Every structure is written in C-alpha cells, then in structure tokens.
Amino acid sequence: MSGTVTVRNVTLGEGIPKICVPLVSAAASELVAEAKALKELAPDLVEWRSDLFAEVEDLAAVQKTLAEISSVLPGIPLIFTFRSAREGGGREISEEYYIRLNQAAAESGHVDIIDVELFNKENVVRGLIAAAHACGVFVIVSNHDFNGTPSVEEIVSRLRQAQALGGDLPKIAVMPQHAGDVLTLLAATNTMREQYADRPIITMSMAGEGVISRLAGEIFGSALTFGAAHKPSAPGQVAVAELRRVLELLHRSL
C-alpha cells in the first residue's frame, strides 16, 4: 500500500532498504573528516546528528558546518537531525531554538530532509513540516522509545499520527526487553505497510536483540536502515559493509 519518496537520486520505499550513516563527531573539523571518510562507504544517505555537535546552540556555526559537510558529500542526500535527550539524544534545547534550528537547516540549501520529533506540540510539528516543504525539503517525523516496546496498536498509532501530520517519512525506533518485542515491532511495521501507509515508513528495534529488524526491512516494510561507520549513533547499528551484504543477500532471496 505504501508509496515512494525520491530524494535526489535515491528512491525510498522500493527494492532494497536504503542505508543511512550518521555523522556523530562533536567538532566541526572532525565532522568534515568523518564526512570525507564516509564517501568510501558509499551510503545512500547521510544523517548529521547535530545534537552531538558541541556548537549546536550557535546557529552561525551550525550553518557553516552544514555547508562544509554538504560540500564534502555532493550528490548524497543529507538528513539534519537534532535528537532530544528525552528520545536518546545528546541534549535538550528550548522549543524556540528547536524551531529556529530546524527552519535554518531547511532554508540553508544544504539539507534534503529534516527530522522532527513526533512528541513535540502539534503546531510545532505542523509548522516545521510546512516550513520544510516550502523549501523543497522532506520531513521525517520520528519517535524513539528507549524505555521499551509499545503494543502493535500503539506503534501503528504513532506511525499513523506522523503520517496524518504530513510527515513524508514516518519513523519509530523502540527498545526490546526480549525477543518477543522484536516480533511486535516487525508485526506493527507489516500492519502499517499493508493497511495504512501511503508513503515509506522507517522502523527499527534497537540493541542487539533488535538487529534483525535493521536487516529485514524489505520483507516487513521499513524503507531505510541506519548503519555505523565507526561509532554507532544508536544501540544495535551494524557496520555499513556488513549491512549491505546482508541486505543484498535477502534481496536476492525474495
């Protein structure tokens, strides 16, 4: 039932799940070096985790660093993400600055996608989606639950809410407490794809037990998976080269 989203030359929602690699360094010079190293891995997309950037509360420094990262990775779609501490990120910032930061990223001309957390105020989410779309920028509307794995119904509800708000790519990541929680996430992903999604979705179960969910997206319906270059940005991320081999193996078997 779900459709596709094409970002530059990358189409999400068809074929092998696309691989995104996060940039996680704290200093601008280290981020540029990290971006240069990523080119050899040839990821489909790159995500800048700006919440881990030491100067993230300096808007001019953020904009300058965005330009530098973009110049190093021409042609590779770039996701701009500020992950709040309450959803497993590096820090908290004010709502006002969160809005300014994401608007500035969308308006910079260097970003293809911004990530907006679902559990902000509805007017904040809708406003940032509208601002991004006005700049030709796509939006991931995300939720990261590090406390556990909600029921199938709740996971589907959150993904449907992200879709209803206008997010181009609804996303949820959950933390398993046991193997059954991984099955819950996969069942919810399949239900969302088959019954409700009209666009690509991104789902994952974190940590070691959840690794299978990062590999089996083509079977159950997750369009994007996150791989690690050197330092993972979330528990359970697999090295990019290994991730690609497994994704291609599964694809050939379908």
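Coordinates for the structure precede this section.
Here the structure is a predicted model, which means the values were calculated and not measured.

Chemist: Go over the packing of helix 1 (residues 28-38) against helix 2 (residues 59-72), please, and point to the residues and values.
Modeler: Contact pair helix 1 / helix 2: the axes reach a minimum separation of 9 Å and the direction vectors enclose 15°. Judged on the interaxial angle alone, helix 2 and helix 1 are roughly parallel. Crossing hand, helix 1 versus helix 2: right-handed. Touching Ala28, Leu31, Val32, Ala35 and Lys36 of helix 1 are Thr65, Glu68, Ile69 and Val72, all from helix 2. Split into classes, the residues belonging to the contact of helix 1 with helix 2 amount to six nonpolar, one polar and two charged.

Chemist: Residue-level account of the packing of aromatic side chains, with values.
Modeler: Scanning all chains against the criterion turns up three aromatic pairs. Relative to Phe80, the ring of Trp48 has its centre 5.8 Å away and its plane inclined at 75°; by these criteria the two rings are edge-to-face. A residue pair is termed long-range when its members are at least 10 positions apart, and Trp48 in strand 4 (residues 45-49) and Phe80 in strand 5 (residues 78-81) qualify at 32 residues. Among the aromatic residues, ring-to-ring pairing joins Trp48, Phe53 and Phe80 into one connected group.

Chemist: Tell me about the pairing of strand 5, and please be specific about residues and values.
Modeler: By the alternation rule, side chains of strand 5 split into Leu78 and Phe80 and Ile79 and Thr81, which are all buried. Sheet analysis places strand 4 next to strand 5, joined by four bridges and oriented parallel. Paired with Glu47 across the two strands is Ile79, which belongs to strand 5. Read as a crossover between parallel neighbours, the route from strand 4 over helix 2 to strand 5 is right-handed. Here strand 5 pairs with strand 6 (residues 113-117) via three bridges, running parallel.

Chemist: Which residues make up the layout of surface pockets, and what are the values?
Modeler: Looking at the largest pocket, its volume works out to about 160 Å³. Lining the largest pocket are 13 residues, and of these Gly13, Glu14, Gly15, Gly217 and Gly221 lie nearest its centre. Classifying every residue of the lining of the largest pocket gives four nonpolar, six polar and three charged.

Chemist: I'd like a rundown of the sheet that holds strand 3 (residues 18-23), residues and numbers included.
Modeler: If you walk across this open sheet you meet the nine strands as 9-8-7-6-5-4-3-10-11, and the pairing is parallel. On the outer flanks of this sheet lie strand 9 (202-205) and strand 11 (238-239), each paired with one strand and no other. Two elements, strand 8 (residues 169-174) and strand 9, share four bridges in a ladder whose sense is parallel. Its bridge partner being in strand 9, Val174 is matched across the sheet by Ser205.

Chemist: Quick one: what's the story with empty space enclosed by the protein, residue by residue and with numbers?
Modeler: A complete count under the given rule lists three cavities of 30 Å³ or more for this structure. Looking at the largest cavity, its volume works out to about 50 Å³. Taken together, Pro17, Thr203, Met204, Ser213, Arg214, Gly217, Ser222, Leu224, Thr225 and Phe226 form the lining of the largest cavity. Sort the elements by how many residues they give to the lining of the largest cavity and strand 10 (residues 224-228) lands first, with three residues. For the lining of the largest cavity, the per-class residue count stands at four nonpolar, five polar and one charged. Lining the second largest cavity we find Arg8, Ile69, Ser70, Leu73, Ile76, Leu78, His110 and Asp112. A class-by-class count of the residues in the lining of the second largest cavity yields four nonpolar, two polar and two charged.

Parameters at a glance
- Residues numbered from 1 in each chain as written.
- Predicted model: local features only at pLDDT ≥ 70, side-chain atom pairs only at ≥ 80, totals over all residues.
- Heavy atoms only, no water.
- Axes fitted to C-alpha atoms, helices over the stretch in contact; angles between N-to-C directions.
- Helix = DSSP H or I, 4+ residues; strand = E, 2+ residues; numbered from the N terminus.
- Parallel < 35°, antiparallel > 145°, perpendicular 65-115°, else oblique.
- Left-handed = near helix turned anticlockwise from the far one by under 90°.
- Contact = heavy atoms within 4.5 Å.
- Nonpolar A, V, L, I, M, F, W, Y, C, P; charged D, E, K, R; others polar.
- Phe/Tyr/Trp six-rings, centres within 6.5 Å; stacked < 30°, edge-to-face > 60°.
- Buried < 20%, exposed > 50% of the residue type's maximum accessible area, 1.4 Å probe, protein only.
- Pairing = 2+ DSSP bridges.
- Right-handed = clockwise from strand over helix to strand, strands pointing away.
- 1 Å grid on protein atoms, 1.4 Å probe; cavity = no way out; pocket = protein on both sides within 12 Å on 5 of 7 lines; lining within 4 Å.
- Points joined across faces, edges and corners; volume = space filled by probe spheres on them.

In short, shape yes, function no, at least from these values alone.
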